[in-house]
Amino acid sequence: MSQSFFQQIRQVLSEERFEAYSHAAKDPDSEKLARYLWNIALCRALYPTLQGLEIALRNALHRSISDLHGTEKWFEKRYGVVKGDSGKGRVGNALRRVQQSGNPMTPGRVVAELSFGFWASLLNRRYDQVLWPRLLKPTFPHMPRKIRTQQFVRRRIERVRKLRNRVFHHEPIWHWSDLKDQHAQTLEAIGWICPDWRYTVDTIDHFPKVHADGLKPFKSDVARAVSNHKN
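None of the values given here were measured: they were computed from a predicted structure. (Residues numbered from 1 in each chain as written. Predicted model: local features only at pLDDT ≥ 70, side-chain atom pairs only at ≥ 80, totals over all residues. Heavy atoms only, no water.)

Honestly, the packing of aromatic side chains in this entry has me stumped. Any pointers?
Aromatic rings in a pair are described by how distant their centres are and how their planes are angled relative to each other. By the definition in use, this model includes 10 aromatic pairs. A ring pair is formed by phenylalanine 118 and tryptophan 119, whose centres lie 5.2 Å apart and whose planes are at 80 degrees; its orientation type is edge-to-face. By the burial criterion, phenylalanine 118 is buried, and tryptophan 119 matches it. One aromatic cluster in this structure is built from Trp74, Phe75, Phe118 and Trp119. (Phe/Tyr/Trp six-rings, centres within 6.5 Å; stacked < 30°, edge-to-face > 60°. Buried < 20%, exposed > 50% of the residue type's maximum accessible area, 1.4 Å probe, protein only.)

Would you explain the pattern of salt bridges in this entry?
Oppositely charged side chains can form a pair if their charged atoms are brought close together. For the structure shown, the criterion picks out 18 salt bridges. Between glutamate 171 and arginine 17 there is a salt bridge whose closest N-O contact spans 3.9 Å. Within this pair, whereas glutamate 171 is found in the loop between α8 (150-168) and α9 (179-193), its partner arginine 17 is found in helix α2 (residues 15-19), the two being separated by 154 residues in sequence. We classify glutamate 171 as partly exposed; its relative accessible area is 28%. Given a relative accessible area of 25%, arginine 17 falls into the partly exposed group. (Salt bridge = Lys/Arg side-chain N within 4 Å of Asp/Glu carboxyl O. Helix = DSSP H or I, 4+ residues; strand = E, 2+ residues; numbered from the N terminus.)

Sorry, what's going on with the nonpolar core here?
One recurring pattern in soluble globular proteins: nonpolar side chains tend to sit buried together. Counting residues in hydrophobic clusters, the biggest one holds 64 residues, and the most contacted among them are Trp74, Trp119, Leu122, Trp132 and Phe140. Of all the elements, helix α3 (residues 29-69) adds the most residues to this core, at 16 residues. If sequence neighbours within four positions are ignored, phenylalanine 140 has contacts with Leu57, Trp132, Leu135, Arg148, Val153, Trp192 and Ile193. (Core = buried A, V, L, I, M, F, W, Y, C linked by side-chain atoms within 4.5 Å. Contact = heavy atoms within 4.5 Å.)

Could you clarify how one ought to interpret the side chain of threonine 186 in this entry?
Structurally, the position occupied by threonine 186 is in helix α9. When neighbours within four sequence positions are excluded, threonine 186 is seen to be in contact with Thr49, Leu50, Leu53 and Val160.

Which parts of the structure should I look at to understand α8?
At 3.6 residues per turn, the α-helix brings residues three or four places apart onto the same side. Here α8 is 19 residues long and its end C-alpha atoms lie 26 Å apart, about the 27 Å a rise of 1.5 Å per residue gives. Residues of α8 that are buried include every one of Gln150, Val153, Arg154, Arg156, Ile157, Val160, Leu163, Arg164 and Val167, and no others. At its buried positions, α8 is contacted by α3, α6 (116-121), α7 (136-139) and α9. Positioned one or two residues after α8, histidine 170 has a phi angle of 60 degrees, which is positive. (Expected span 1.5 Å × (residues − 1).)

Following this line, the structure appears as structure tokens:
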């Protein structure tokens with residue numbers, strides 16, 4: 001009966017996705033599924049910190065760029081702030097989405113439509129002199145001075161972006177040996193912008209427990225699912 005259960009699970013998830021949760025050649029299907037469930041729990045547990053940084057970063061950048069250029073509409077072509085076809089295309093898409101929504105075309109709504117990838121791209125070298133290093137302190141006022149450099153921030157945000165993409169695209173992260181460190185660094189980056197927001201995010205942060213508890217709770221979940229299938 002359990003063989004039929006796992007055949008159905010493999011069909012639903014796809015063979016390739018299911019096998020991505022194999023740790024060793026002879027892993028039983030029950031362990032692969034337990035890892036899949038653990039991965040879901042890890043991604044869910046990372047959401048508060050990832051979302052917390054994304055919101056804080058985009059609003060901090062929006063404020064500091066608005067102050068620098070004297071307008072909240074700095075993303076419009078006439079101001080020449082946004083560089084490259086990719087960045088301009090992302091802004092154009094955001095403007096269209098706001099327009100299609102029927103809501104007023106306010107700067108806040110446009111900013112909310114711009115992806116994390118867009119905000120991360122503002123740290124690229126093409127924005128040297130245009131935005132940086134003048135925006136470092138206004139955007140990251142609580143970042144220690146000895147590490148407050150564009151290069152340091154760029155590396156950190158790019159690392160978070162890659163983790164975010166894995167999480168939001170439902171990819172395996174359970175096997176990352178530095179996952180605990182990446183979570184801690186995401187929280188630290190929130191603190192660079194606003195320590196009070198970091199402490200607030202901490203209050204709903206369950207990642208340390210989910211990560212530390214490991215696979216065991218999900219083995220029990222799989223056993224119950226197989227048992228229900230038999231019934």
